[in-house]
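Commentary on secondary and tertiary structure
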Amino acid sequence: MDGDVLVGTTSVPCSHCGTPIPAQQCQGEGPWFCCHGCRTVYGLLHEAGLEEYYRLRDRSGVIDPEAMLPAIPHSDHDSLFDDPDFIQQHVQDHDDGSCSVRLYIEGVHCAACVWLLEQAPRLYPGLASARLNYQRSCLQLRYNPNTVTLGSIARGIRRLGYRPHPWIAAAEHTRATRERRVWILRFAIAAASMMATMHLAVNLFAGDLTGDLEPHARSFFGWLSFLTCLPAVTWCAMPYHRGAVGALRARRATLDLTVSLVLLSGFTISTIHLVIGRHDVYFDAMAMFIFFLLAGRLLFIMAKDRVRGDAAALTMLVPSHARREMPDGNFRSVASQHLHPGDHISVQGGERFPADGHVISGQGTVDNAVLTGESMPLAVGLESSVRAGTLLMDGTLLCQVEAAGANTQMGKLLAHLHSDQSGPSPIAALVDRVLAWFAPVVAILATTTFLLWLQVDLSRAWEQTIAVLIVACPCALGLAAPLIQALSVNRAARQGILIRDAAIQERLTQCRHVVLDKTGTLTTGAMHVRQISFTPPQHITEIQAQTWCQSLASRSGHPASRAIASHLHHHHDSHQAPLTEVVDVPGQGIQARCGSHLLRLGTAAFAQDSNPDADPGHTVLSVDGLAVARFTLYDPPRPEAAELIALLEQQGWSITVASGDHPQAVADCARALNLNPSTCHARCSPEDKRLLVEKLENNGGVVMIGDGINDAAALQAASVGIGIRGGLQATLQVSPVFLLRPDLALIAALLRGARKSRISLRQCLVWSLIYNVGGIAAAMIGWWGPWICAIAMPTSSLTIIAIALMSRAFREPVSTFTSQTP
């Protein structure tokens with residue numbers, strides 16, 4: 001625009017948002033801007049090659065993009081992301097010079113939001129990748145700090161219509177709660193708007209039938225309809241309008257764009273008709289339309305919130321504080337995150353290790369099942385390695401820290417888990433592809449309808465064009481998948497099956513392989529006595545040996561001792577013996593005196609078992625250095641495990657067992673459950689399990705079932721991960737599916753429910769397509785007018801809701817395996 005264009009004008013529009021600017025402020029040639037924010041956005045879009053946005057905006061003429069977006073902040077909020085303390089606490093450096101950070105993104109509500117935010121690297125050359133976890137609204141960014149700052153990326157995200165926040169577990173929950181309340185308020189206002197406009201529409205329709213409605217009364221009722229519909233199509237529908245703006249900026253047709261187009265077109269045309277005195281207005285249809293959309297969206301949000309995990313999983317696995325040795329030799333409690341390599345810390349029996357390190361003083365027994373899956377505790381002593389999150393069962397240790405916080409083995413595993421991405425199901429992806437073409441196709445059909453009917457009558461052309469726009473809105477198509485999935489998630493939760501990613505219901509029906517952990521999944525996770533071998537010398541009776549053994553075992557808190565004491569109490573007629581000088585030797589066993597005899601119960605080496613053929617894994621009772629009893633311990637299968645295996649084999653699943661336990665324990669479990677030994681793998685590290693799952697993924701989808709944090713990487717790598725309660729909470733936090741109780745019958749219920757959910761979803765999609773295709777055809781040829789289309793549109797949504805409510809998915813009670821066999 002040249003400078004002489006300003007002569008005789010009082011204002012000119014902002015080159016970005018169109019806001020009028022006083023002409024005296026516009027000197028020389030354009031472009032001109034009303035504020036620095038518009039200047040920045042304008043330059044940003046042109047530098048990224050997205051100037052096509054302005055042509056699309058001007059051509060549509062229905063959306064004021066800046067009115068739809070939150071104001072660009074001029075506060076200190078975005079400067080937080082450039083604060084050195086924030087960067088030190090939240091940003092992770094990498095060897096290649098890049099940085100990564102996780103942000104909580106407020107305002108994410110659909111797959112289009114995911115797509116738009118993941119296009120952020122197009123706007124910032126220094127931003128290497130942007131991956132959004134839709135389930136947690138967590139945006140994982142990787143960027144070059146020498147090229148782009150985190151603060152500028154955060155400001156760019158805000159300009160797209162989203163609000164970035166630091167990723168903090170408690171803050172995530174608070175913001176999610178606040179966001180849910182806003183959705184509830186939008187739904188409530190839309191419901192009130194719908195009821196009011198429907199009531200007024202009945203009066204207008206009755207007046208048309210009787211012919212006794214005065215013109216001024218009709219105008220009064222019409223303007224009341226306008227006012228009652230206005231909140232619904234503006235504030236209540238604002239998330240869809242924001243999504244439409246984002247779609248225009250990204251040059252992508254989405255459901256949000258179609259919804260916004262229909263709402264604004266219907267509302268604008270109805271307003272024009274009201275002004276010129278025509279009777280056909282459709283405010284009631286628009287209010288009803290947004291009401292049903294918000295109903296489906298709110299139902300899905302509430303279902304997702306019901307199974308939203310507590311993000312404070314790390315504090316449950318690793319102590320938040322540690323006892324650090326100070327220079328004066330005293331110990332002081334400090335935050336675990338403030339530990340540094342070389343620090344000395346004290347850990348007592350019953351506590352978890354706050355950091356990785358090695359023992360420099362003391363002995364004890366460590367339960368490593370949280371990381372390795374090993375069901376038997378491990379004795380540790382001088383120079384033994386210990387890992388954060390594992391449990392010291394007895395003894396007191398002084399350890400030297402080697403790694404703390406995110407640098408521990410546990411921290412790295414959790415960081416790897418939280419980078420998971422929840423993608424759409426195949427059907428949802430198909431719906432997205434259909435919706436991507438829906439808006440332009442509808443626009444072409446509406447234009448064609450207008451041109452064809454224009455040859456007959458201008459008024460009729462407008463009516464049929466409006467009818468096409470109303471009936472073409474893919475409300476039912478967009479509502480089907482989230483509604484069916486949300487209802488299935490809620491029903492499954494009532495049965496004790498928590499589904500964190502609703503899309504897995506579709507993926508579950510396409511899997512062919514199942515990988516199961518042993519300890520705590522197929523087995524109970526608690527030790528039992530398998531066999532006792534009493535070999536007392538002639539001067540000691542077997543009853544004496546039993547009595548001494550039970551007396552010793554009952555004095556120890558070690559799991560092996562507890563299993564032996566419980567077994568002897570229930571299966572042998574033994575009594576307590578008077579013991580003196582009882583000493584519990586951490587990591588070795590327990591010893592005491594009974595009269596003149598020295599009794600020892602523990603490892604073979606501790607009990608001084610000299611038998612060369614003895615299994616070193618046995619627990620041994622010795623009297624005065626002679627072995628008098630040997631105990632074989634095992635972790636028994638769950639009672640329902642054999643039925644689950646039989647059901648999976650009957651349904652054609654390929655079954656693999658991956659365990660961190662020792663080979664003999666895995667072989668015993670395979671034999672008890674009639675499994676093929678060649679598909680049962682022992683001593684699998686977390687990395688081994690993940691690689692096994694990835695290998696099987698090449699031959700079909702994989703379902704991973706486990707309960708330990710060592711299973712979590714494999715749970716993430718699988719097509720569907722199922723965590724069983726009884727393992728650690730952090731694993732359940734990141735499992736797409738987890739069971740509230742350790743009942744393997746729930747897995748069969750999950751498989752059955754997923755199949756029925758898929759059937760209901762396909763029924764909804766077929767009906768939606770029939771409605772949209774048939775309705776558009778009927779409107780184009782003149783069979784359906786605007787009023788019929790206004791009735792048909794919510795009717796299609798009610799039909800989808802009815803199909804969803806009648807679905808049998810997750811309705812049948814969880815009972816025996818026999819009734820669950822297809």
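As a starting point, this report considers the structure included with it. (Residues numbered from 1 in each chain as written. Predicted model: local features only at pLDDT ≥ 70, side-chain atom pairs only at ≥ 80, totals over all residues. Heavy atoms only, no water.)

**Some thoughts on the packing of aromatic side chains**
- Taken as a whole and assessed by the stated rule, the structure comprises seven aromatic pairs.
- Ring centres of Phe-226 and Phe-267 lie 5.3 Å apart, and the angle between their planes is 25°; on these two criteria the pair is classed as stacked. You can see Phe-226 sitting in helix H8 (residues 215–236) and its partner Phe-267 sitting in helix H10 (residues 255–276), a full 41 residues away along the chain.
- Relative to Phe-283, the ring of Phe-226 lies with its centre 6.0 Å away and its plane at 80°, an arrangement referred to as edge-to-face. (Phe/Tyr/Trp six-rings, centres within 6.5 Å; stacked < 30°, edge-to-face > 60°. Helix = DSSP H or I, 4+ residues; strand = E, 2+ residues; numbered from the N terminus.)

**A few points about the environment of Ala-406**
- Structurally, Ala-406 is set in the loop between strand E15 (391–404) and helix H14 (409–418).
- Between the alpha carbons of Ala-406 and Gln-337 there is a distance of 8.5 Å; along the sequence they are 69 residues apart.

**Looking at a nonpolar patch on the surface**
- Side chains of Val-182, Leu-185, Ile-189 and Trp-235 sit close together on the surface and give an oily, nonpolar patch of about 300 Å² of accessible area.
- Looking at the secondary structure, you find Leu-185 in helix H7 (residues 169–210).
- Residue classification places Leu-185 among the partly exposed positions, given a relative accessible area of 44%. (Patch = residues over 30% accessible without salt bridge, like charges linked within 9 Å, V, L, I, M, F, W, Y side chains within 5 Å. Areas by Shrake-Rupley, 256 points an atom, 1.4 Å probe, with all protein chains shown as cover. Salt bridge = Lys/Arg side-chain N within 4 Å of Asp/Glu carboxyl O. Buried < 20%, exposed > 50% of the residue type's maximum accessible area, 1.4 Å probe, protein only.)

**Notes on the pairing of strand E4 (residues 99–106)**
- By the criterion of burial, E4 is predominantly enclosed, with seven of the eight residues buried.
- Between strand E3 (residues 92–93) and E4, which pair antiparallel one after the other, the connecting turn spans five residues, and Gly-97 there sits at a positive phi close to 90°.
- Both E4 and strand E6 (residues 138–143) contribute to a ladder of six bridges, which runs antiparallel. Bridge pairing links Cys-99 to Tyr-143 in E6. (Pairing = 2+ DSSP bridges.)

**Things to note about the packing of helix H20 (residues 542–554) against helix H21 (residues 559–571)**
- Where H20 contacts H21, the two axes come as close as 8 Å, and the packing angle between them is 135°. Put simply, H20 runs oblique to H21. Pair H20 / H21 crosses with left-handed handedness. In this structure, H20 uses Gln-546, Cys-549, Gln-550, Ala-553 and Ser-554 to contact H21, whose residues at the interface are Ser-561, Ile-564, Ala-565, Leu-568 and His-569.
- Here the residues of the contact of H20 with H21 are counted per class, giving five nonpolar, five polar and no charged. (Axes fitted to C-alpha atoms, helices over the stretch in contact; angles between N-to-C directions. Parallel < 35°, antiparallel > 145°, perpendicular 65-115°, else oblique. Left-handed = near helix turned anticlockwise from the far one by under 90°. Contact = heavy atoms within 4.5 Å. Nonpolar A, V, L, I, M, F, W, Y, C, P; charged D, E, K, R; others polar.)

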